[in-house]
Amino acid sequence: MSLSPPGWLSIPASFLQESGQIWLREPEGKNRQLLIKQLMDGIYPHPFVMDDGKVRRLHFSLKLVQSEMRLDAPDELAVFYTRAMMGFLLFHPIPKHVVIIGLGGGSLTKYCYRNLARSRVTSVELMEGVIACRDWFQIPPDDERLKIVQADAADYFAAEPDGADAILLDAYDEEGVAPQLCTLVFYANLRAHLKPRGVLVANISGHSLTAETHIDLIRKAFDGRMVVVDVVSDGNRIVYAFNDPGFPPDWQRLTRSARELEGKHPFEFTKLLRDMERSAQRDKRKGRR
């Protein structure tokens, strides 16, 4: 990308005692001191981009990094929890349709598009300002395999189902998962959009009480067919919920699939599979299944 993309205003990050630039989607004549004050006070109302020449980050505020991309490896899943979300491949190694809720910097969208060559990828994003940042994060243009839809996820999934093999829920703000998605109806609609053996993968972050509420709603919507894996390094919990009435799967049989996937993707699928199995065993002891 050029150093001065049209429609973006650059502010040196030196006021934060950091190197690099902050890019705001503002007219060139906008008062920079006012914008800096809004950023410092945490009231700047739009997503923005920070770039130190090595890492590019999408921010909702100076304190909240929504997504990040290494400039020397733009398609890498740099954040641990996003790698864990790819665990759906254990159950659908060649998915036909993956739906992602929450575009962010497009990490999951790019990875699925570029590494799952037979898959159609649909990303649903509420904020036009986030979609406006897609070029910064080298998200490919829409084509026959990729579609980015600006919509409220609750409305999108209330419409006619378009069968997905996997739905990846990664939509959150400063408080965690977007509150308008915290309903049993929403999670029931997600399940309705999945194919008979489809998998929902949900990134649950934020306040522990809110997180538990989402997990309980997913458990109800999927009749208890779910496992939860903690990503300690990121402070996230990843929920895998299964539409397949044959849950739990044959964990031992999936070990071979995990090893095969590790030959194609740079993720620890074998360890992730064991974490899933332990979660299922804990729930069984508690009488949840």
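Look up: the structure comes first, before these words.
Residues numbered from 1 in each chain as written. Predicted model: local features only at pLDDT ≥ 70, side-chain atom pairs only at ≥ 80, totals over all residues. Heavy atoms only, no water.

### Re the packing of helix α8 (residues 251–262) against helix α9 (residues 269–285)
Then, in step 1: Running from N to C, α8 and α9 point in directions that differ by 155 degrees, and their axes come no closer than 8 Å. As judged from the angle between their axes, α8 and α9 are roughly antiparallel. Regarding α8 and α9, the two cross each other, and that crossing is right-handed. For the pair formed by α8 and α9, the contact residues are Trp 251, Gln 252, Leu 254, Thr 255, Ala 258, Arg 259, Leu 261 and Glu 262 on the first element and Phe 269, Thr 270, Leu 273, Arg 274, Met 276, Glu 277 and Ala 280 on the second. (Axes fitted to C-alpha atoms, helices over the stretch in contact; angles between N-to-C directions. Helix = DSSP H or I, 4+ residues; strand = E, 2+ residues; numbered from the N terminus. Parallel < 35°, antiparallel > 145°, perpendicular 65-115°, else oblique. Left-handed = near helix turned anticlockwise from the far one by under 90°. Contact = heavy atoms within 4.5 Å.)

### Re the nonpolar core
Then, in step 1: Met 86, Phe 88, Cys 112, Leu 168, Tyr 240, Trp 251 and Met 276 are the most contacted members of the largest nonpolar core, which totals 40 residues.
Then, in step 2: It is α9 that contributes the most residues to this core, 5 residues altogether.
Then, in step 3: Counting residues in hydrophobic clusters, the runner-up holds 29 residues, among them Ile 101, Ala 211, Val 228 and Val 239. (Core = buried A, V, L, I, M, F, W, Y, C linked by side-chain atoms within 4.5 Å. Buried < 20%, exposed > 50% of the residue type's maximum accessible area, 1.4 Å probe, protein only.)

### Points about the pattern of salt bridges
Then, in step 1: Applying the stated rule across the entire model yields 21 salt bridges.
Then, in step 2: The shortest N-O distance in the salt bridge between Glu 260 and Arg 256 comes to 3.4 Å. Of this pair, Glu 260 and Arg 256 both sit in helix α8, separated by 4 residues, roughly a single helical turn.
Then, in step 3: Classification of Arg 256 by relative accessible area gives exposed; the value is 61%.
Then, in step 4: Linking Lys 271 and Asp 275 is a salt bridge whose minimum nitrogen-to-oxygen distance equals 3.0 Å. Of the two residues, Lys 271 and Asp 275 both sit in helix α9, 4 residues apart, roughly one turn of that helix.
Then, in step 5: By relative accessible area, Lys 271 is classed as partly exposed at 49%.
Then, in step 6: Owing to a relative accessible area of 15%, Asp 275 belongs among the buried residues under this scheme.
Then, in step 7: When salt bridges that share partners are traced, they join Arg 70, Asp 72 and Glu 76 into one network. (Salt bridge = Lys/Arg side-chain N within 4 Å of Asp/Glu carboxyl O.)

### Section: the side chain of Ser 119
Then, in step 1: Here Ser 119 shows up in the loop between α3 (107–115) and β7 (120–125).
Then, in step 2: In terms of polar contacts, Ser 119 uses its side chain to reach the backbone carbonyl oxygen of Pro 95, at 2.5 Å.
Then, in step 3: Dropping the residues within four chain positions of it, Ser 119 is found in contact with Pro 95, Lys 96 and Arg 145. (Polar contact = N/O pair within 3.5 Å; in protein donor to acceptor, adjacent residues only side chain to side chain.)

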